[in-house]
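Residue-level structural notes
The primary structure of each chain is shown beneath.
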Amino acid sequence: MRHSARLAIGAVAAATLALSGCASGDGGSGGGDEDAAASESICDSADGDGPAIGLAYDVGGVGDQSFNDSAYAGLEKAVEELDATCEEAEAQAGEDDAAREERLRTLIDAGYDTLIGVGYIYSTAAYNVAPDYPEVSFGVIDGFNPTESQEDLPNVANINFAANEASFLVGAAAGLTTETDNVGFIGGTNTPLIQGFEAGYVAGVKEVDPTITVQTQYLAQEDPVKGFENPAGGETAATGMYDNGADVVYHAAGKSGLGLFDAVERAGQGNWAIGVDSDQYLTADKSQKPFILTSALKRIDTGVFEFAESVDSGKQLSGYVTYDLADGGVDYSTSNPKLSQDVIDQLDDYKQQVISGKITVPTEP
Amino acid sequence: MTTVRRLMVGAAAPALAFVVAAAVTSVVLVAAGDSPADFWRVLLSAPDPRDYVAIANATAVLYLSGLAAAIGFRMNLFNIGVEGQYRVATFAGAVFAGQALLPGALNTAATILVAMAAGAAWAGIAALLRVLRGVSEVISTIMLNAIAVSLVAFLLQKVGRRQGETFRTDTIPESSWVPSFPLVPGESSQVYGLALLAVVAGVGFAVLLNRTRFGFDLRATGHSESAAVASGVNVRRMVVYTLLLSGAVAGLIGMPELFGGSHAYGSTIQTGIGFTGIAVALLGRNHPWGIAVAALIFGYLNQQASPLGVTADISTEIIAVTQGVVVLSVVIAYEVVRRYRVRAEQAEVARQLRRERGAQAVSP
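Residues numbered from 1 in each chain as written. Chains lettered and ligands numbered in written order. Predicted model: local features only at pLDDT ≥ 70, side-chain atom pairs only at ≥ 80, totals over all residues. Heavy atoms only, no water.

Digging into the overall build of chain B
Secondary structure summary: chain B contains 15 helices and 2 strands in total. Principal-axis analysis of the C-alpha atoms gives chain B an extent of 95 × 55 × 35 Å. Approximately 16200 Å² of chain B is accessible, and the part contributed by carbon and sulfur atoms is 66%. Looking at chain B, you have 26 positive and 19 negative side-chain charges, and the mean spots of the two groups are 14 Å apart. (Helix = DSSP H or I, 4+ residues; strand = E, 2+ residues; numbered from the N terminus. Areas by Shrake-Rupley, 256 points an atom, 1.4 Å probe, with all protein chains shown as cover. Lys, Arg positive; Asp, Glu negative; His and termini not counted. Charge placed at Lys NZ, Arg CZ, Asp CG, Glu CD.)

Below is the structure:
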């Protein structure tokens, strides 16, 4: 083959690959629904004189009907009740902490003084930027303190959720509902955050009946795109579990969970899926709704709203702020009428036992 | 062709490519219902002082990545595995540095060598597969990328310690950090000290390529393998050496950030930089200066795109489209210009022949 021809072919192949690397990373930002959602962002019309909120998403952003959408719901509430103005910013695939810092600084330069990073990935950036801007408040969902000294900064709040407790309740719901004594769990990435969901879920199932089999699968080791932006992978994993005898499958996998809902619909009557973060019964397709038994609620909307409220009232939250079953920051949903009153009564009983400390829910599997 | 004309033809290719890229990006923006005017206003606005720092850091890292890819490309070896080599090397380096087996700067120097060795070793797998089993390096390096990402993530959970919701390796002792230097006076963000590795690597690449026997063999093999074999080049050995070298340079990519910023390998490490390096090398025509310009352009575009979402309500992802189109149009433009040049030279020769023949006809 002629030299330049081979080079050109190789170049095009390599370029395609490089771009597809980007493209797969962009996964979440495509799709008509989200674009529609983005163009109808409440921030376009908000013009109150309350806090100026900058919401920084991780890759994917609004449109996952789960984690990020829940944060957006909190933002809407802040606009309505606190007269807040706002701006949303989305991450680029594969970026480093410097890029996240730059995003926060850009928002500050644009006049936003209440910044919320949606996802622990903003922890380092927030702690790096915060000392330069003492008048700006930073909140990080699922955040942590990355500094060696572990000293709190007065203007940074790590908004944490006891997701293991909510997972415990939906685990119990799965245990009470399964007829095959076989249930499943699909995690996005095999990381501590998601392992907490698994630990709570398994504990809930076993609380009902220790002999029930729990199938567990993570979609990726740590690649967030393959873990949380991968409905096809979620569908494959879920179908495998249903084929393997499970009749209830719970996911903690963001947008990948939408694949679970496709799988449960195909598996048909008698099979169930459990949603996560938001009440996914409310946002699912009509044909899929009946299959969504319940959802483990992680009230990120509450976290976002209460953080904005605390800034607005001059008493900004800082350090670690943890929401759990006791304060309603995590919970399970009862909007599917197919979730029987009998099961709800038993779940509420478990809930009280967790709140009273009679049951301690593990955080690691 | 006259020198002036040749220069103009040479400049035509990149100029053409950028015009095409600008046009395509504008069309995409219009099709998506966004305003191209806003896009270009944000993109072409003067960067803030701290942006210069970010652009400099990004350029250094992209340059190393582009260089790693270019070393292979010069020999017609498509090392698509820079990403995997970079991850393995940075992880190995971070683990080694975190152990603090050596004091101060010695630890830093040793870590850089460890990272280069790890990157070279990872690329070496592809090299061995190529020379012993004839496996195309394109296929094997792509596969090795996937393995590297999962392997490092797995090992990180084994040897790393938990920090919040992430894992990271032990922090490098402060005595081994490389101080950053200010680019813009009075600005709190500074350029990584090891960004200068890019300069060292660039000079090394230029010298190696143009002033050594190895560089000559490398270019010769790239131009024509059979001719190289005929002139006594051991192509199999060249394949191994070149891929090892490419992997070693890939091992440098993570060093500026490791010693200047994060001081550990964590789950939030920058990803995709190895793939971007391929595009940078192509845009820079695998030439030491060309890659530098390409890295600067990519670094500038990335940085300037960052505020797009906030100030212009345009998704920052559009910049990936611009970068992709730039690379593709550069490749096409050079081919078009090459053909034009060949035709022009043919016409020139034909004209001269005609003239000579005419002269012969006239003279008895």
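Some thoughts on the interface of chain B and chain A
Contacts between the two partners involve 50 residues from chain B, matched on the other side by 51 residues from chain A. Roughly 4300 Å² is buried in total at the junction of chain B and chain A, and carbon and sulfur atoms are behind 54% of that figure. Per-residue buried area on chain B facing chain A is highest for R50, E165 and V310 of chain B; these three make up 16% of the total on that side. Take the side of chain B that touches chain A: its biggest share by element is 8 residues, from helix α15 (residues 318-362) of chain B. Grouping the constituent residues of the side of chain B that touches chain A by class yields 18 nonpolar, 20 polar and 12 charged. (Contact = heavy atoms within 4.5 Å. Buried area = accessible area lost by both parts, 1.4 Å probe. Nonpolar A, V, L, I, M, F, W, Y, C, P; charged D, E, K, R; others polar.)

As for the nonpolar core
I253, M255 and F259 of chain B are the most contacted members of the largest nonpolar core, which has 85 residues in total. Among the elements that make up this core, the one with the highest residue count is helix α3 (residues 49-73) of chain B (12 residues). Each of domain 1 (1-42 + 322-352) and domain 2 (51-306) of chain B gives at least three residues to this core. Beyond its immediate stretch of four places on either side in the chain, M255 of chain B contacts T90, I112, A115, L194, L197 and G260 of chain B. Counting 70 residues, the second largest nonpolar core, distinct from the first, contains I53, F144, L293 and L347 of chain A. (Core = buried A, V, L, I, M, F, W, Y, C linked by side-chain atoms within 4.5 Å. Buried < 20%, exposed > 50% of the residue type's maximum accessible area, 1.4 Å probe, protein only. Domains from an automatic or database assignment.)

Focus on helix α1 (residues 3-31) of chain B
Because each turn of an α-helix spans 3.6 residues, side chains separated by three or four positions end up pointing in the same direction. Residues and elements named next belong to chain B. Helix length check: α1, at 29 residues, gives a terminal C-alpha distance of 42 Å against a target of 42 Å (1.5 Å per residue), a fit within 8%. A bend of about 30° at A12 is the largest found in α1, and the proline P14 appears one to four places after it. Residues of α1 that are buried include every one of V9, A13, A17, A21, T25, S26 and L29, and no others. After α1 finishes, the residue G33 shows a positive phi value of roughly 80°. (Expected span 1.5 Å × (residues − 1). Bend = angle between axes of the 7 residues up to and from the residue.)

Describing the pairing of strand β10 (residues 292-298) of chain A
All names here are of chain A. Counting buried positions along β10 gives 7 out of 7 residues, so the element sits mostly inside the fold. Both β10 and strand β12 (residues 330-332) contribute to a ladder of 3 bridges, which runs antiparallel. Across the sheet, K298 pairs through a bridge with V330, a residue of β12. (Pairing = 2+ DSSP bridges.)

Describing the sheet that holds strand β4 (residues 137-141) of chain A
All names here are of chain A. In spatial order, the strands read β2-β1-β3-β4-β5-β11; together these 6 strands make up an open sheet with parallel pairing. With one partner strand each, in any of the chains shown, β2 (85-89) and β11 (319-323) form the two edges of the open sheet. Here the strands of the sheet are splayed against their neighbours by 20° on average, with no regard to which way each runs. Both β4 and strand β5 (residues 156-161) contribute to a ladder of 4 bridges, which runs parallel. What sits directly across from G139, in β5, is A157. In this fold helix α3 (residues 67-82) packs onto β1 (52-56), β2 and β4, with an angle of close to 175° to the strand it touches most, β1. (Axes fitted to C-alpha atoms, helices over the stretch in contact; angles between N-to-C directions.)

Concerning the state of the cysteines
Residues and elements named next belong to chain A. Tallied over the full model, the rule gives 1 disulfide over all chains. Each sulfur of the disulfide joining C43 and C86 lies 2.2 Å from the other. Between C43 and C86 the disulfide shows an S-S torsion of about -115°. By sign, it is left-handed. You can see C43 sitting in the loop between α2 (32-39) and β1 and its partner C86 sitting in strand β2, a full 43 residues away along the chain. The buried category is assigned to C43, whose relative accessible area is 11%. (Disulfide = S-S within 2.5 Å.)

Details of a negative patch on the surface
Residues and elements named next belong to chain A. On the surface, a cluster of negative charge is made up of D47, D49, E80, E81, D83, E306, E309, D312 and D327. Elements represented by at least two residues in the negative patch include exactly α3 and α12 (300-312). For the negative patch, the element with the highest residue contribution is α12, accounting for 3 residues. (Patch = residues over 30% accessible without salt bridge, like charges linked within 9 Å, V, L, I, M, F, W, Y side chains within 5 Å. Salt bridge = Lys/Arg side-chain N within 4 Å of Asp/Glu carboxyl O.)

Quick look at the domain arrangement of chain B
Residue and element names in this part refer to chain B. Looking at the assigned domains, one finds that chain B contains domain 1 (1-42 + 322-352) and domain 2 (51-306). The C-alpha-based centres of domain 1 and domain 2 are spaced at 29 Å. Across the contact, 7 residues belong to domain 1 and 9 residues belong to domain 2. Between domain 1 and domain 2, a total of about 830 Å² is buried, with carbon and sulfur atoms accounting for 72% of that surface. The largest share of the area that domain 1 buries against domain 2 comes from Q323, V327 and Y334, three residues that together contribute 55% of it. Viewed at the interface, domain 2 and domain 1 are joined by 0 salt bridges. Our enumeration of links across domain 1 and domain 2 arrives at 1 residue pair in polar contact (both at pLDDT 80 or more). Sort the elements by how many residues they give to the side of domain 1 that touches domain 2 and α15 lands first, with 5 residues. Considered class by class, the residues forming the side of domain 1 that touches domain 2 number 6 nonpolar, 1 polar and no charged. (Polar contact = N/O pair within 3.5 Å; in protein donor to acceptor, adjacent residues only side chain to side chain.)

Quick notes on the pairing of β2 of chain A
Residue and element names in this part refer to chain A. Burial analysis of β2 places 5 of its 5 residues in the buried class, the great majority of the element. Because side chains alternate across β2, one face comprises the buried residues T85, E87 and A89, and the other comprises C86 and E88, equally buried. Sheet analysis places β1 next to β2, joined by 5 bridges and oriented parallel. Its bridge partner lying in β2, G54 is registered against E87.

So, the environment of A69 of chain B
Tracing the backbone through its elements, the reader meets A69 of chain B in helix α3. Linking A69 of chain B and A54 of chain B, residues 15 residues apart in sequence, is a C-alpha distance of 23 Å.

Comments concerning the sheet that holds strand β9 (residues 272-277) of chain A
Backbone-to-backbone hydrogen bonds join strands into a sheet, with any given pair of strands oriented parallel or antiparallel. All names here are of chain A. With mixed pairing, 6 strands are arranged side by side in an open sheet as β7-β6-β8-β9-β10-β12. Strands at the two margins of the open sheet, each flanked by one partner only, are β7 (213-220) and β12. Ignoring strand direction, the axes of neighbouring strands in this sheet form an average angle of 15°. In terms of strand pairing, β9 meets β10 through 5 bridges, oriented parallel. Opposite I274, over in β10, you have T294 as the bridge partner. In this fold helix α7 (residues 192-208) packs onto β6 (182-189), β7, β8 (248-252), β9 and β10, with an angle of close to 170° to the strand it touches most, β6.

Focus: a nonpolar patch on the surface
Residues and elements named next belong to chain B. A contiguous nonpolar surface patch, about 310 Å² in accessible area, is contributed by L16, V20, V24, V28 and V321. The greatest single-element share of the nonpolar patch, amounting to 4 residues, is contributed by α1. Note on placement: V28 falls in helix α1.

Notes on the packing of helix α6 (residues 163-177) of chain A against α7 of chain A
All names here are of chain A. Contact geometry for α6 and α7: axes closest at 6 Å, N-to-C directions at 40°. The crossing of α6 and α7 is right-handed. Across from A163, N164, S167, F168, V170, G171, A172, A174, G175 and L176 in α6, the residues of α7 making contact are G196, F197, G200, Y201, A203, G204, V205, E207 and V208. Taken together, the residues that form the contact of α6 with α7 break down as 11 nonpolar, 7 polar and 1 charged. (Left-handed = near helix turned anticlockwise from the far one by under 90°.)

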